[in-house]
Amino acid sequence: MKIIKTISEITQFLQQVRQQSIGFVPTMGALHAGHLSLIQMSKTKTDITICSIFINPIQFNKKEDLDNYPRTLDADIQKLEKENCDVLFLPNVSEMYPTNKLNTYNFGAIATVMEGAFRPGHFDGVANVIQRFFEIIKPTYAFFGEKDFQQLAVVKELTKQLNLSVKIVGCPIYREPGGLAMSSRNERLSPIERTQASIIYRTLQKIKNEYSTYTTQQAKENFNSAMRQAGFVPEYIEFADVNTLQPIENWNETSNCFAFVAVNVGNVRLIDNLSIF
Ligand code: PAF
């Protein structure tokens, strides 16, 4: 695997392989099986797979979240080599943001709810870094996990607004054996918290099985009280239409409903989602 740290070097590399299809997997490192499934998907769909590891400071709305984000570069490199990833792009902050000039965006209602409401500026930070990566790499395909479902919708909208030809591919959530959605942030849970946190998924599954016997409000209360009983602090639970991402009050407002949640386990903030119907 080639490890490339500068834009000039990756541009040179890309000139040599431009006839081939390029798959791009952007990450912030602390790679887990979910990330590796994106690499595998890219390898089956494209000729050259490029993975980036860049902890994007401008998408963190809390400094302690940025400071505490797990950094496991040596292990990440080993995992990528095992997957036969072709290139690891490892730019630093001044390479990615040579000036202070950042773009602002209007993604409409998909970006103002849930993560957009609870993490001000987060999606603008994600959009800036993804736009920059797309301009540098000009990938044929880019792969994103569905755990960050709203991010995936924002990236699709960004691509549409910028009229880019890159095809955005969403890949299913990978879960730990107990059901906890895989996340780099899981590294920061204690072993006990990591086991206990599977209650997030189990409660979502219970809601999926029983939703028709409750109102949306009751289902939300059930979720929040299950989280509190486990000693966690629920931040939000929303039921929303899968396409518009707009929260619903009554089940009959959509024919394709997902539950979206954010829960604090100790000082680690976890998100998850599940199709309800
Ligand atoms: O999902 C992530 O890890 C990040 O938001 C991404 C897409 C790599 C952008 O920094």
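Residues numbered from 1 in each chain as written. Predicted model: local features only at pLDDT ≥ 70, side-chain atom pairs only at ≥ 80, totals over all residues. Heavy atoms only, no water.

Colleague: Can you walk me through the site of the ligand in this structure?
Modeller: Neighbouring the ligand are Pro-26, Thr-27, Met-28, Asn-56, Gln-59, Val-129, Phe-144 and Gln-151. Gln-59 has a polar side-chain atom sitting 2.6 Å from an oxygen atom of the ligand. In isolation the ligand exposes 290 Å². Once the protein is present, 89% of that is buried. Looking at side-chain class alone, the shell around the ligand contains four nonpolar, four polar and no charged residues. (Near = heavy atom within 4 Å. Polar contact = N/O pair within 3.5 Å; in protein donor to acceptor, adjacent residues only side chain to side chain. Areas by Shrake-Rupley, 256 points an atom, 1.4 Å probe, with all protein chains shown as cover. Nonpolar A, V, L, I, M, F, W, Y, C, P; charged D, E, K, R; others polar.)

Colleague: Is there a simple way to think about helix H2 (residues 33-45) in this case?
Modeller: Because each turn of an α-helix spans 3.6 residues, side chains separated by three or four positions end up pointing in the same direction. Relative to the 18 Å expected for 13 residues at 1.5 Å per residue, H2 spans 18 Å between its end C-alpha atoms, a close match to the ideal helical length. Burial in H2 covers these residues: Gly-34, His-35, Leu-36, Ser-37, Leu-38, Ile-39 and Ser-42. Buried residues along H2 sit in contact with strand E2 (22-27), strand E3 (48-53), helix H4 (73-82), strand E5 (141-145) and strand E6 (167-171). (Helix = DSSP H or I, 4+ residues; strand = E, 2+ residues; numbered from the N terminus. Expected span 1.5 Å × (residues − 1). Buried < 20%, exposed > 50% of the residue type's maximum accessible area, 1.4 Å probe, protein only. Contact = heavy atoms within 4.5 Å.)

Colleague: Where do I start with the confidence of the model for the chain in this structure?
Modeller: Low pLDDT marks regions whose predicted coordinates should not be analysed in detail. Of the residues in the chain, 100% reach a pLDDT of 70 or more, and the chain-wide mean stands at 98. Mean pLDDT across the elements of the chain bottoms out in helix H3 (residues 63-68) (95) and peaks in strand E4 (residues 87-89) (99). (pLDDT = per-residue confidence, 0-100.)

Colleague: Honestly, the side chain of Asn-264 in this entry has me stumped. Any pointers?
Modeller: Positionally, Asn-264 belongs in strand E8 (residues 257-265). The exposure class of Asn-264 is buried, given its relative accessible area of 19%. Those residues in contact with Asn-264 that sit more than four places away from it in its chain are Phe-232, Val-233, Glu-235 and Arg-269.

Colleague: Please clarify how the packing of helix H10 (residues 198-210) against helix H11 (residues 216-229) should be interpreted in this entry.
Modeller: For any two helices packed against each other, the geometry is given by the interaxial angle and the distance between the axes. As a packed pair, H10 and H11 sit with axes 10 Å apart at the nearest point and diverge in direction by 155°. Overall, the two elements H10 and H11 adopt an arrangement that is roughly antiparallel. Classified by chirality, the crossing of H11 by H10 is right-handed. Counted together, Ile-199, Ile-200, Thr-203, Leu-204 and Ile-207 of H10 and Ala-219, Phe-223, Ala-226 and Met-227 of H11 form the full contact between these two elements. Within the contact of H10 with H11, the residues separate by chemical class into eight nonpolar, one polar and no charged. (Axes fitted to C-alpha atoms, helices over the stretch in contact; angles between N-to-C directions. Parallel < 35°, antiparallel > 145°, perpendicular 65-115°, else oblique. Left-handed = near helix turned anticlockwise from the far one by under 90°.)

Colleague: Any chance you could explain the sheet that holds strand E7 (residues 233-241) here in plain terms?
Modeller: If you trace the three strands from one edge of the open sheet to the other, you get E7-E8-E9, paired in antiparallel fashion. If you trace the sheet from one side to the other, it starts and ends with E7 and strand E9 (268-275), each paired once. Strand-to-strand, the axes of this sheet are offset by a mean angle of 15°, without reference to chain direction. Along the sheet face, H10 touches E7, E8 and E9 and points at about 25° away from the line of E9. Sheet strands in contact with H11 are E7 and E8, and its direction is about 150° off that of E7. (Pairing = 2+ DSSP bridges.)

Colleague: Sorry if this is basic, but what is going on with H11 here?
Modeller: An ideal rise of 1.5 Å per residue puts 20 Å on 14 residues; H11 measures up with 20 Å between its terminal C-alpha atoms. Looking only at H11, the buried set comprises Thr-216, Ala-219, Lys-220, Phe-223, Asn-224, Ala-226 and Met-227. Buried residues of H11, viewed axially, fall in a sector of 160°; they line one side. The exposed residues of H11 that point more than 90 degrees off its buried face are Arg-228 and Gln-229. Residues of H11 that are buried in the fold lie against H10, E7 and E8. (Arc of directions from axis to C-beta.)

Colleague: Would you explain the pairing of E9 in this entry?
Modeller: Along a regular strand, successive side chains alternate from one face of the sheet to the other. When you tally the buried positions in E9, you get seven out of eight residues, the bulk of the element. Across eight bridges, the pairing between E8 and E9 is antiparallel. Each residue of the ladder has a partner; that of Phe-260, found in E9, is Asn-273.

Colleague: For this particular structure, what's the right way to read the packing of helix H7 (residues 122-137) against helix H8 (residues 149-161)?
Modeller: As a packed pair, H7 and H8 sit with axes 10 Å apart at the nearest point and diverge in direction by 50°. The orientation of H7 with respect to H8, classified from their angle, is oblique. For the element pair H7 and H8, the recorded crossing hand is right-handed. From H7, Phe-123, Val-126, Ala-127, Ile-130, Gln-131 and Phe-134 reach across to H8, where they touch Gln-150, Gln-151, Val-154, Val-155, Leu-158 and Thr-159.

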